[in-house]
Amino acid sequence: MLTQDEFYASVGSQLAVLASHVANPFEVTRASVAIDERLLSPSLGRHPKTISSVHVYAASNISASNWVTLRDRVDKTVRSFLDAELISAEVGERMPNLSFYHHVLQRTDINPTRTALIDSTIENVISAIPLRMTCIVCTAFDDLPRIVRALARVAVGHGEVYLSAHADQMWSTTNTGVELHEDFAQFLIAEDTREPALASYTLGTLLSRNFLRTSIAYTVTGVRYSKKVKDGTMDAMLRLRGRVVLTYFDHTLPRIDHVVCVNALTFFHANGRGEDLSKTLDWVLHVLENRAYVPARTLYLLLQT
């Protein structure tokens with residue numbers, strides 16, 4: 001392997017010019033190279049280094065002399081965001097050679113399945129994919145803050161922040177963007193999050209045409225109603241059942257749906273009357289055992305509400 005001076009002398013000898021003339025364009029180029037400090041700046045927004053247990057490494061194909069020149073131009077505060085700087089001159093390999101990435105993983109002792117590689121060159125990204133890293137091509141700085149935030153965020157925490165910021169505003173929408181101010185989805189939000197304040201629904205009589213909405217509504221808000229009120233609703237549901245719970249409070253629509261039945265069972269069991277729907281429970285178990293729920297859910301496919 002030739003040193004830099006030996007390389008200049010060798011090329012100069014072949015071209016019949018002074019070694020200094022060969023070195024000059026390289027030195028001019030070296031002087032013009034600079035690191036975009038925005039890449040290492042907390043101005044990215046939620047910079048990953050502000051999150052515990054997140055490590056940031058820089059990797060580059062660069063000669064040792066060029067790296068020394070470049071490194072000395074970068075503010076130490078900016079470089080403090082890096083846990084390590086990995087350059088091809090020190091590794092002895094260049095990207096996209098797979099051996100370069102193997103060296104990085106060994107030196108840093110990082111788990112590739114919990115590591116993201118962001119590079120502007122698609123060849124470098126493709127080469128690292130077999131190592132099971134999350135590989136992302138980023139060719140514009142403006143895209144980087146979004147990528148970093150997406151990688152560094154804690155999904156559950158981000159979701160909680162979103163829910164709190166949009167409390168009482170999370171309405172259903174059609175595929176054309178029209179908001180539907182109905183309370184069915186609101187009951188589901190309250191049930192899934194265990195946070196009624198996030199949803200928007202009106203209390204009062206919860207008896208509706210639909211057994212599904214009625215069951216979910218009482219299950220979610222049942223603590224606000226007396227036993228007498230809930231028993232009255234369950235009695236009304238029982239009077240309109242066939243062998244199993246129906247879908248509607250309407251004898252002219254004798255339809256059944258396993259999703260409706262499951263929610264009705266939840267309502268009854270939560271109020272100590274599960275035995276009243278023993279046949280409904282048997283039917284739901286039969287549906288599950290035979291995977292009869294796979295082909296269709298009649299209530300939703302027929303758009304009946």
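In case you missed it, the structure is sitting above this.
As a starting point, this report considers the structure included with it. As the structure is a prediction and not an experimental result, all values here were calculated from the model. Residue numbers here run from 1 along each chain, matching the order of that chain's written sequence. Local features in this predicted model are restricted to residues of pLDDT 70 or higher, and side-chain atom pairs are both shown and tallied only at a pLDDT of 80 or more, whereas totals for entire chains, interfaces and linings draw on every residue. Neither water nor hydrogens contribute to the side-chain values; these are computed over all heavy atoms in the structure.

### So, the overall build of the protein
What counts is decided by this rule: Comment: elements are numbered from the N terminus, with helices defined as DSSP H or I runs of at least four residues and strands as E runs of at least two. Relative accessibility decides the category of a residue: with a 1.4 Å probe and only protein chains considered, values under 20% of the type maximum give buried, values over 50% give exposed, and everything between is partly exposed. When checking whether two residues touch, look at their non-hydrogen atoms; a contact exists if any pair is within 4.5 Å. The accessible surface values rely on the Shrake-Rupley method and a 1.4 Å probe; as for residues, cover is taken only from the protein chains in view.
Helices and strands together make up the secondary structure of the protein, namely 15 helices and six strands. Counting all 305 residues of the protein, 35% fall into the buried class. For the protein, restricting intrachain contacts to residue pairs at least 6 apart in sequence, the fraction spanning at least 24 positions comes to 56%. When the accessible area of the protein is evaluated, it comes to approximately 18,700 Å², of which 55% is carbon and sulfur surface.

### Side note on the side chain of D257
The criterion, for reference: Any pair of N or O atoms that falls within 3.5 Å is considered a polar contact. Within protein, one atom must be able to donate a hydrogen and the other to accept it, and sequence-neighbouring residues count only if both atoms are side-chain atoms.
Secondary-structure assignment places D257 in the loop between helix 12 (227–239) and helix 13 (258–270). At 2.8 Å, the side chain of D257 and the backbone nitrogen of V259 are in polar contact.

### Section: the pairing of strand 2 (residues 84–87)
For clarity, the threshold we go by: At least two DSSP bridges between two strands are required for those strands to pair.
Of the two faces of strand 2, the one lined by A84 and L86 and the one lined by E85 and I87 are each fully buried. As defined by bridge partners, strand 1 (residues 57–60) adjoins strand 2 across four bridges and the pair is classed as parallel. Paired with A58 across the bridge in strand 2 is E85.

### Some points on the packing of aromatic side chains
One pair of aromatic rings is described through two measures. These are the centre distance and the angle between the planes. Let me state the cut-off plainly: Pairing of aromatic rings covers Phe, Tyr and Trp, the last through its six-membered ring, and needs centres within 6.5 Å; plane angles under 30 degrees mean stacked, over 60 mean edge-to-face, and all others mean tilted.
This structure, assessed with the given rule, holds nine aromatic pairs. Centre to centre, the rings of Y8 and F26 are 5.6 Å apart; their planes meet at 40°, and the pair counts as tilted. Highlighted residues: Y8 in helix 1 (residues 4–15) and F26 in helix 2 (residues 19–32), separated in sequence by 18 residues. Overall, the relative accessible area of 41% leaves F26 in the partly exposed class. The interplanar angle of 75° and the centroid separation of 5.8 Å between the aromatic rings of F267 and F268 together place this pair among those described as edge-to-face. By relative accessible area, F267 is classed as buried at 0%. When its relative accessible area of 0% is taken as the criterion, F268 is described as buried. Three or more aromatic residues link up through ring pairs in this structure, and these residues are Y218, Y225, F267 and F268.

### Some remarks on the packing of helix 10 (residues 184–193) against helix 11 (residues 211–221)
Which entries qualify depends on this criterion: Geometry is summarised by axes, namely lines fitted to C-alpha atoms with helices restricted to the contacting stretch, and by angles between N-to-C directions that run from 0 to 180 degrees. By convention the crossing between two helices is left-handed if the near helix lies anticlockwise of the far one by an angle smaller than a right angle, and right-handed if it lies clockwise. Three classes are used: nonpolar for Ala, Val, Leu, Ile, Met, Phe, Trp, Tyr, Cys and Pro, charged for Asp, Glu, Lys and Arg, and polar for all others, with Gly counted as polar.
Where helix 10 contacts helix 11, the two axes come as close as 9 Å, and the packing angle between them is 40°. When you trace helix 10 past helix 11, the crossing you get is left-handed. Taking contact as the criterion, the partners of F184, F187, L188, A190 and E191 in helix 10 are, on helix 11, L212, R213, I216, A217, T219, V220 and T221. A class-by-class count of the residues in the contact of helix 10 with helix 11 yields eight nonpolar, two polar and two charged.

### Description of a nonpolar patch on the surface
How we decide: A residue counts toward a patch only above 30% relative accessible area and without a salt bridge, and it is joined to like-charged neighbours within 9 Å or, for Val, Leu, Ile, Met, Phe, Trp and Tyr, to nonpolar neighbours within 5 Å. A side-chain nitrogen of Lys or Arg and a carboxyl oxygen of Asp or Glu constitute a salt bridge if their distance falls within 4 Å.
Residues L281, L285, L288, Y293 and V294 make up a contiguous nonpolar surface patch of roughly 410 Å² in combined accessible area. Structurally, the position occupied by L288 is in helix 14 (residues 278–289).

### Some details on the pattern of salt bridges
Evaluated as defined, the whole model comprises six salt bridges. Taking the shortest distance from any N to any O, the salt bridge between R213 and D183 comes out at 2.6 Å. Taken as a pair, R213 in helix 11 and D183 in the loop between strand 6 (179–180) and helix 10 lie far apart in primary sequence, 30 residues in all. Comparing R213 with D183 shows no difference in burial state: the two are buried. Between R273 and D276 there is a salt bridge whose closest N-O contact spans 2.8 Å. Among the residues examined, R273 registers a relative accessible area of 14% and is labelled buried. Since its relative accessible area comes to 23%, D276 is described here as partly exposed. Salt bridges linked by common partners bring K227, D231, D235, R273 and D276 together as one network.

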